[in-house]
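# An overview of the molecular structure
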Amino acid sequence: MDKIRILGGRPLHGEVEISGAKNAALPLMVASLLTDAPLTLSRVPGLADIDTMARLLAELGVDIEMPEKNGGGTLTLNAAALTSTVAPYELVRRMRASILVLGPLVARFREATVSLPGGCAIGTRPVDLHLAGLERLGARIVLEDGYIHASAPGGLKGAEIHLATPSVGATENLMMAATLADGETVLHNAAREPEIADLALCLGAMGADIAGAGSDCVRIQGGASLSGTHHRIMADRIEAGTYAIAAAITGGKVVLSGARAEHLAAPIDCLRQAGVTVEERNTGLFVAANGRLGAVNLTTHPYPGFPTDLQAQIMVLMTVAKGSSLIGETVFENRFMHVPELARMGADISVSGGNALVRGVERLRGAPVMATDLRASSCLVLAGLAAEGETVISRVYHLGRGYERIEKKLAALGADIERIAS
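Basis of the calculations
- Residues numbered from 1 in each chain as written.
- Predicted model: local features only at pLDDT ≥ 70, side-chain atom pairs only at ≥ 80, totals over all residues.
- Heavy atoms only, no water.
- pLDDT = per-residue confidence, 0-100.
- Contact = heavy atoms within 4.5 Å.
- Pairing = 2+ DSSP bridges.
- Helix = DSSP H or I, 4+ residues; strand = E, 2+ residues; numbered from the N terminus.
- Axes fitted to C-alpha atoms, helices over the stretch in contact; angles between N-to-C directions.
- Expected span 1.5 Å × (residues − 1).
- Buried < 20%, exposed > 50% of the residue type's maximum accessible area, 1.4 Å probe, protein only.
- Phe/Tyr/Trp six-rings, centres within 6.5 Å; stacked < 30°, edge-to-face > 60°.
- Lys NZ or Arg CZ within 6 Å of the ring centre and 35° of its normal.
- Core = buried A, V, L, I, M, F, W, Y, C linked by side-chain atoms within 4.5 Å.
- Salt bridge = Lys/Arg side-chain N within 4 Å of Asp/Glu carboxyl O.

### Structural notes on the confidence of the model for the protein
- Looking at the protein as a whole, the pLDDT averages 94, with 96% of positions reaching at least 70.
- Contacts for the low-pLDDT stretch residues 119-125, under 50 throughout, to residues beyond four places or in other chains number 22 contacts.

This is how it looks when you write it as structure tokens:
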């Protein structure tokens, strides 16, 4: 497996272009299943998860015009002649977002068989909300041999659905399915993430009637036949937050081209409390830090709260802040797996249940460390940028799932970083 080597201690300076959002791109790719007309997506990030979703859709019979593997750019998907409604285990196990094909398949083709999904081992993320919602829409669900069998011979019917928790995936799955259901569907306690609003924007351009996406109550008037469209994917707020923290932890000055402050209100607030300068510019965000920062307490929550996908990264910043920080994780129960690796670099962190007490130290020390999941991988990169000496990170294949050319982008900002091929 490849490794990443970092020689820390260099402030980052310059401008970095924020890629299209992975968490927006994946459901947008799946939306192609709702129509027999081509769907063209631009600003597609060049990531392993994008390639996995493309392989899954191709397995179903979607015709895909795609740049070279992990190349990103523009993607055109045409689901006019599907050959299968079965999403096999070999592909679905690689990525939890694969469950998103379930709703669109049963909505358009009235049947679907999808393997129970896999993904990062950061906690249990059951699909019961997806299934309960589809049952409310009239689908019959059977679980057998690790597969979800869904059928709706008479088509889906609009319904009122109350989500027990504001699940992003369930909101996306049910919103897509409801566009082809007969009648009105109302999603209560819906997730409010910007990626959901981006999906609704694309579905609206395809002819869907959706109101309230981005709020906790989404109304979908179903039954319309959807067409194709061309949609530009929103910028990745998690990538933007990661590079903002990279600028802060190295004492640098970086412009995040394409980043939008309204998508990062909670992280920006935390950074400013710590003493980081964050300013809106016409092209994005300017982030700068000088000297040792202050500790900040925070707790992760669904959007618009502090995102769990930035918890590991902000923790690294707190390891070298002045004072102690209490970080609470409320979204996933296993999302402190990066803590032992940070401890190898000299961090002082105590974990108790869903809380981590971080006592700031003067500096981190370079060390060999191992990535455990996607966001933990990026936090170790940040730690290496700030550490004294050399850091070598193994199992960096996780990074390719969510960060486009991260070592090249950081090197362009002045980091001493390289990927070492296995």
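### What about the sheet that holds strand 16 (residues 277-281)?
- Read from one edge to the other, the open sheet built from four strands follows the order 2-15-17-16, with strand pairing classed as mixed. Only two strands of the sheet have a single neighbouring strand rather than two, namely strand 2 (13-17) and strand 16. Averaged over neighbouring strand pairs, the angle between their axes works out to 20 degrees when direction is ignored.
- Helix 8 (residues 237-249) rests against strand 2, strand 15 (253-257) and strand 17 (284-288) of the sheet, and its axis sits at about 170 degrees to strand 15.

### Topic: helix 2 (residues 48-60)
- In this model, helix 2 (13 residues) spans 19 Å end to end at C-alpha, consistent with the 18 Å of a helix rising 1.5 Å per residue.
- When we look at burial in helix 2, the residues that qualify are Asp49, Ile50, Asp51, Thr52, Met53, Ala54, Leu56, Leu57 and Leu60.
- Among the residues trailing helix 2, glycine 61 stands out with phi positive, at a value near 110 degrees.

### With respect to the packing of aromatic side chains
- Inspection of the entire model under this criterion finds zero aromatic pairs.
- Across the ring face of phenylalanine 286, the terminal group of arginine 281 is positioned such that the distance to the ring centre comes to 4.4 Å.

### Here we look at the nonpolar core
- Of all hydrophobic cores here, the largest spans 76 residues; its most connected members are Leu33, Met175 and Leu203.
- For leucine 203, the contacting residues outside a window of four places in its chain are Ala31, Leu34, Met175, Met176, Thr179, Ala208 and Ile210.

### Here's the deal with the environment of histidine 13
- Relative to the assigned elements, histidine 13 resides in strand 2.
- Separated by 147 residues in sequence, histidine 13 and glutamate 160 place their C-alpha atoms 50 Å apart.
- Ignoring any residue separated from it by four or fewer positions in sequence, one finds histidine 13 in contact with Gly252, Lys253, Val254, Ala412 and Leu413.

### Brief notes about unusual backbone geometry
- Residues tyrosine 303 and proline 304 are joined by a peptide bond in cis, for which omega reads 15 degrees.
- We note that arginine 43 has phi near 55 degrees; this positive angle belongs to a residue other than glycine.
- As for its position among the elements, arginine 43 is in strand 3 (residues 39-44).
- Not every positive phi belongs to a glycine, and arginine 405 is a case in point at roughly 50 degrees.
- The residue arginine 405 is located in the loop between strand 23 (390-394) and helix 13 (406-412) in this model.

### Section: the pattern of salt bridges
- Summed over all chains, the structure comprises 17 salt bridges.
- The residue aspartate 416 makes a salt bridge to arginine 10 at a minimum N-O spacing of 3.9 Å. Placement of aspartate 416 in strand 24 (residues 416-420) and of arginine 10 in the loop between strand 1 (3-7) and strand 2 is noted, with a sequence separation of 406 residues between them.
- For lysine 22, the salt bridge goes to aspartate 49, with nearest N and O atoms at 3.1 Å. In this pair, lysine 22 sits in helix 1 (residues 22-30) while aspartate 49 sits in helix 2, placing the two residues 27 residues apart along the sequence.

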